[in-house]
Structure formats: structure tokens, C-alpha cells
Amino acid sequence: MRLRNITGSREMIRESGFVVHEPEEMRGRWKEAFGSDAPLHVEIGMGKGRFLMDMARLHPEISYIGIEKYSSVLLRAIQKMQEDPLPNVKFIRMDAEEIEAVFGEGEVDRIYLNFSDPWPKDRHAKRRLESRQFLKRYDRILKKDGQIEFKTDNRELFAFALEELPEAGWRAKAVTWDLHGDPAMNEGNVMTEYEERFSSLGNPICKYIIER
């Protein structure tokens, strides 16, 4: 369970230089924020930032933005960045529903969705980051050849995510219900904290890569 209440977390976030505090002002101008023409990759629901920062170390030629809703969780990522600053990483504290206010049309090259909240009740389906409602948002901010990568150990959520693709005009480029048992899709895989925890319990990890 994610920690949500740490006294003073919002104040510490406001003082952090790793966080973009007025992201709407950077809409369409993120290359300026990084001072680079590098491709822009975004992780939505980055948690404590392990995956994002590991990716940034492996790929210094790419600019990474991590989006996290909960202040106390984002604070953990900030603390990690203080220990090992990465010039190609920036954080935003925001709700993913506002993503179109932050990124311009076709501005993002790739989106990562890792172990998203499953919102298990049917009436909350549109809140799932893999829903057709969110896929339409991603469609507008992604480049025409942009892709989305999604990983989860929740098989019901994964089945739902696959069912949403044709409804939103997307198609699967690659799909596996057992990532670590799939040599092709697991090649070069960078694990998240949840992925390491759940796979150690014997839970198969599902993954898709989708495009339009």
C-alpha cells in the first residue's frame, strides 16, 4: 500500500528542484525544460521512481518525466534523486487525468504504465490508466509512432486492458502473460519495485506494448 500522509511532504516537494512545479507552462516546450532534443518518455504512476531512474541511467540519450499523484510517494523519489541526481529526469506531482494540460499534441514519444491501481469495481473502470478514456488522452499527446508499455501482475486488469484496445483504436504490437518466461519480451527488461516483489512470490508478470 502506498504511503499517503507524511507530515511536511508537500512543503518538501515545493522546495525541490527535481520537480516541475508549474508543468502547464511547459506544455509543448518540454525539450526546453531539458535543454535537449532527446525523445521524451513519461511514466504515469511512477511510485518511488526506481524504474524511471534505472531507465534514465541506462539511456542518458532520452529525457524522462515521472508523474505521481501522492506527495509522500513522490517524496521518496526525490530523496533517491538527492542521493544520485540524474540530469535527464524530472518529476511532476499531478493526477493523470490532467495530462493533456501538461503535454502538447504529439509531444511524447513513449508512455510507461507500471502496476497501475486496478480500480476493481466496475463503476470505476474509466479511472483505470489503461481504459479507453485514458487511451484517448494518450493518443493526443503521443507522436504518431509513439508506443505505450504496460506491466502488471493483475490478470483481470490485463484482460480488461486488452479488451479496451480496439474500442480506442489501438492495437497490440506485443503481448505476454508471463514476461519473465518470455525470452523475447523479457530481453532488456528493467524491473520495478512491485515487479520484483510480485515475481518473487511466483506471480507471472503480464506486459503489452501497444501502438495505433
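Keep in mind that this is a model prediction, so the values were computed, not measured.

**Examining the UniProt feature "binding site: S-adenosyl-L-methionine" (unreviewed entry) in the protein**
The positions that UniProt labels "binding site: S-adenosyl-L-methionine" (unreviewed entry) are, in the present scheme, Glu43, Glu68, Asp95 and Asp117. The annotated residues occupy 75 residues of the chain but converge on a single region, no pair of C-alpha atoms lying more than 13.9 Å apart. Its relative accessible area of 0% is what places glutamate 68 among the buried residues. Here the side chain of glutamate 68 touches tyrosine 70 through a polar contact of 3.1 Å, landing on its backbone nitrogen. If you trace the backbone, aspartate 95 turns up in the loop between strand E3 (89–93) and strand E4 (108–114).

**Considering a positive patch on the surface**
A grouping of Lys121, Arg123, Lys126 and Arg127 is seen on the molecular surface, where their side chains present a positively charged patch. By the secondary structure assignment, lysine 126 is in the loop between E4 and helix H5 (132–141). Given a relative accessible area of 55%, lysine 126 falls into the exposed group.

**What to know about the pairing of strand E2 (residues 63–68)**
Most of E2 sits out of view: six of its six residues are buried. For the crossover that starts at strand E1 (residues 40–44), traverses helix H3 (residues 50–58) and ends in the parallel E2, the hand is right-handed. Across five bridges, E2 lies against E3 in parallel orientation. Its bridge partner being in E3, glycine 66 is matched across the sheet by phenylalanine 91. Crossover connection from E2 via helix H4 (residues 71–83) to parallel E3: handedness right-handed.

Rules used throughout
- Residues numbered from 1 in each chain as written.
- Predicted model: local features only at pLDDT ≥ 70, side-chain atom pairs only at ≥ 80, totals over all residues.
- Heavy atoms only, no water.
- UniProt positions renumbered as here; feature names shortened; annotations may be inferred.
- Buried < 20%, exposed > 50% of the residue type's maximum accessible area, 1.4 Å probe, protein only.
- Polar contact = N/O pair within 3.5 Å; in protein donor to acceptor, adjacent residues only side chain to side chain.
- Helix = DSSP H or I, 4+ residues; strand = E, 2+ residues; numbered from the N terminus.
- Patch = residues over 30% accessible without salt bridge, like charges linked within 9 Å, V, L, I, M, F, W, Y side chains within 5 Å.
- Areas by Shrake-Rupley, 256 points an atom, 1.4 Å probe, with all protein chains shown as cover.
- Salt bridge = Lys/Arg side-chain N within 4 Å of Asp/Glu carboxyl O.
- Lys, Arg positive; Asp, Glu negative; His and termini not counted.
- Charge placed at Lys NZ, Arg CZ, Asp CG, Glu CD.
- Right-handed = clockwise from strand over helix to strand, strands pointing away.
- Pairing = 2+ DSSP bridges.

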